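Okay, here's what each chain looks like letter by letter:
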Amino acid sequence: MQTVIDSSIGFSREDWQRGYASLKQEFDYWIDEIEGIIPSDLHGTLFRNGPGLLDVNGKRLHHPFDGDGMICAISFKEGRAHFRNRFVRTEGYLREQSAGRILYRGVFGTQKPGGWLANAFDFRLKNIANTHVIYWGGKLLALWEAAEPHRLDPSTLETLGLDDLDGILQPGEAFAAHPRIDPACDRTNGEPCLVNFSIKSGLSSTFKIYEFNPLGQLVSTYDRVVPGFAFVHDFVITPNYCIFFQNPVRFNPLPYAIGLQSAGQCITFHPEQPTRIVLIPRPPGNQGQTMDEQPAPQTRPTGKPGAVTFEVLSGFVFHHANAFEQGNQLVIDSICYASLPTVEPDADYRETDFDALAPGQLWRFRLDLDTGAVQRQSLESRCCEFPAVHPNHVGRPYRYTYLAAAHAPSGNAPNQAILKVDMESNQRQIWSAAPRGFVGEPVFLPRSGTAEDDGWLLALVFDAACDRSSVVILDARDLNRGPVARLHLKHHVPYGLHGSFTPQWFMD
Ligand code: CO
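No experiment lies behind these values; they were computed from the predicted model shown. (Residues numbered from 1 in each chain as written. Predicted model: local features only at pLDDT ≥ 70, side-chain atom pairs only at ≥ 80, totals over all residues. Heavy atoms only, no water.)

Time to look at the overall build of the protein chain. Helix and strand counts for the protein chain stand at 4 helices and 35 strands. The globule rule puts the C-alpha radius of gyration for 508 residues at 23 Å, and the 22 Å found for the protein chain is close to it. Projecting the C-alpha coordinates of the protein chain onto the three principal axes gives extents of approximately 65 × 60 × 50 Å. Just so you have it, the protein chain exposes about 20800 Å², and 50% of that area is on carbon and sulfur atoms. (Helix = DSSP H or I, 4+ residues; strand = E, 2+ residues; numbered from the N terminus. Rg over C-alpha atoms; globule rule 2.2 N^0.38 Å. Areas by Shrake-Rupley, 256 points an atom, 1.4 Å probe, with all protein chains shown as cover.)

Overall, antiparallel pairing links the 4 strands, which are arranged E8-E9-E10-E11 in an open sheet. The open sheet has two edge strands with one neighbour each: strand E8 (132-136) and strand E11 (159-162). Direction aside, neighbouring strands of the sheet carry axes that sit 30° apart on average. Pairing geometry for E8 and strand E9 (residues 139-143), over 5 bridges, is antiparallel. Bridge assignment links Tyr 135 to a residue of E9, and that residue is Leu 140. (Pairing = 2+ DSSP bridges. Axes fitted to C-alpha atoms, helices over the stretch in contact; angles between N-to-C directions.)

This paragraph deals with the side chain of Gln 329. With respect to the helices and strands, Gln 329 occurs in strand E23 (residues 329-337). A polar contact is formed between the side chain of Gln 329 and the side chain of Arg 366, at a distance of 2.9 Å. Setting aside its immediate chain neighbours within four residues, Gln 329 contacts Phe 324, Arg 366, Leu 367 and Asp 368. (Polar contact = N/O pair within 3.5 Å; in protein donor to acceptor, adjacent residues only side chain to side chain. Contact = heavy atoms within 4.5 Å.)

The next subject is the coordination of the cobalt ion. Around the cobalt ion, the protein contributes the donor atoms His 178 (NE2), His 233 (NE2), His 319 (NE2) and His 498 (NE2), at 2.0 to 2.1 Å from the metal centre. Classification of the site at the cobalt ion rests on its 4 donor atoms, whose angles at the metal span 91 to 155°, yielding the label irregular. Spacing between the donor residues of the cobalt ion along their common chain follows H-x54-H-x85-H-x178-H. With His 233 in the loop between strand E15 (218-227) and strand E16 (236-237) and His 319 in strand E22 (residues 316-326), this pair connects stretches of sequence that are 86 residues apart. For His 233, a relative accessible area of 13% corresponds to the buried category. (Donors = N, O, S within 2.8 Å, 3.2 Å for Na, K, Ca; no water. Tetrahedral: all angles 85-135°; square planar, octahedral: opposite > 155°, others 65-115°. Buried < 20%, exposed > 50% of the residue type's maximum accessible area, 1.4 Å probe, protein only.)

A separate point is the pattern of salt bridges. Under the defined criterion, the tally for this structure stands at 33 salt bridges. Its salt-bridge partner being Lys 490, residue Asp 32 comes within 3.5 Å of it at the nearest N-O pair. Taken together, the positions of Asp 32 in the loop between strand E1 (28-30) and strand E2 (33-36) and Lys 490 in the loop between strand E34 (485-488) and strand E35 (499-502) put the pair 458 residues apart, joining distant regions of the chain. Assessed through its relative accessible area of 46%, Lys 490 is described here as partly exposed. Two residues, Asp 122 and Lys 112, come together in a salt bridge whose shortest N-O distance is 2.6 Å. Pair noted here: Asp 122 is in the loop between helix H3 (115-119) and E8 and Lys 112 is in the loop between helix H2 (91-99) and H3, with a separation of 10 residues, a long-range link. Residue Lys 112 is classed as buried on the basis of its relative accessible area of 17%. Each of Asp 182, Arg 187, Glu 211, Arg 282 and Arg 396 takes part in salt bridges that share partners, so that together they form one network. (Salt bridge = Lys/Arg side-chain N within 4 Å of Asp/Glu carboxyl O.)

Moving on, we get to the sheet that holds strand E25 (residues 374-380). On the basis of which strands lie adjacent, the open sheet formed by 4 strands has the order E22-E23-E24-E25 and antiparallel pairing. On the outer flanks of this sheet lie E22 and E25, each paired with one strand and no other. Taken over all neighbouring pairs, the strand axes of this sheet differ in orientation by 25° on average, direction set aside. The sheet contact formed by E23 and strand E24 (residues 361-368) spans 8 bridges and is antiparallel. Counterpart to Gln 329 in the pairing with E24 is Asp 368.

Quick look at a nonpolar patch on the surface now. A grouping of Trp 116, Leu 117 and Leu 260 is seen on the molecular surface, where their side chains present a nonpolar patch of about 360 Å² in accessible area. With respect to the helices, strands and loops of the structure, Leu 260 is situated in the loop between helix H4 (254-257) and strand E19 (267-269). Relative accessible area serves as the criterion here: at 47%, Leu 260 is assigned to the partly exposed category. (Patch = residues over 30% accessible without salt bridge, like charges linked within 9 Å, V, L, I, M, F, W, Y side chains within 5 Å.)

Right, let's talk about the packing of aromatic side chains for a bit. A full pass over the atoms with the stated rule returns 30 aromatic pairs. When the ring of Tyr 29 is compared with that of Phe 83, the centres are 5.6 Å apart and the planes differ by 35°; the resulting orientation is tilted. Residue Tyr 29 is found in strand E1, and its partner Phe 83 is found in strand E7 (residues 80-87); the two are separated by 54 residues along the sequence. For Phe 83, a relative accessible area of 0% gives the class buried. (Phe/Tyr/Trp six-rings, centres within 6.5 Å; stacked < 30°, edge-to-face > 60°.)

Laid out in structure tokens, this is it:
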């Protein structure tokens, strides 16, 4: 079929839509179609999560975020690479696959067949395990923010079941999909520490934070109550703070309760209201000390004791790049949208009018902890998402961020390029897969050098010209030169969400 690329936008909508086809088959093979050379020092496993099914037995889901989680593992060793994908065998996936039809309401608009009557007062959540995957404390965990993780076998990707993190989570309790790893934490004697959160939200919201040592043992947990409803997907950390953006949204549960809309569609954006930046101090290194024994932070709290809030007009934020402390200031870099992108009950997400939506753009927020003042500054106006930074710079001053970005420097468009932003020199480097390639989140993997950009960037790219995906490896020091290697898969992988790299090799 001849595809017409609209030269004014640089891609065709038909091409972009093709990446939203389900991948029902599960594969397990050595990748043998390789352009370039896989770096010999690349050793370990890239795990990646995202919706693998966009339909249930031919009945299309209303939104990709409602799709069942499918894990890909790309394992690197001695210049070779192996691919494997497996669906997370969640209870909902197994039940729907065996019934051959949609049995659950999705958070993002998918309804059971039969109209509103069939959906009214069905408040069951289908834990679809589709957002992120991490290897921590000897466990491979598929994450979905509204319920507990699923544990998988890292060698085979077989689903081992729900994981309550050694008794920490109650059945069905939330555990966010965006853990942050503090590279050197005094709570874990200078070792890395995984920090994650869960939120219980209603008229007020309880933010609960968990910190784990490299063995996966809980070293600290604390919570704070913040006024108002909170819809928070991601957060950032510094050595002393957890930082959340409480977007200006409201939740009206009525259309959800009576079966007219999904829970996600009942969240409305209120641009006339400020975003509230919520700071929750992390406890000091002494494990026995509780938060209440800490001195009050030297700021002007407007929330309840212990949580400090700042107000700013920022729009809607899903993802943050990083944050760091600088004297009496906190710096936070985030992808901001002018409004919350929504999919109406009657709309088809594949018909998205990109021009009608505001692009995500990278902004810097500077909070003065003494005066409570907030300044914001645009760092990058190109449409971008999925920021990545060097893991040793998480929560610390940093120079580079890597993003999936639009090919064109302005306007809203799908991600077709990998962009490197140098915040010191204000230089940019870009590698683009346009016009027919569409990129996912870049994962940064450091090399042994000391330079902050000495590392590899790994990303999945969907190529609409052949309906197949590839794994690209870019040298983070020089994106302009293009991939050092491109590993062609035998099939496509639907557009995904988040992934992580671990230096372990798990196969036999
Ligand atoms: Co995310």
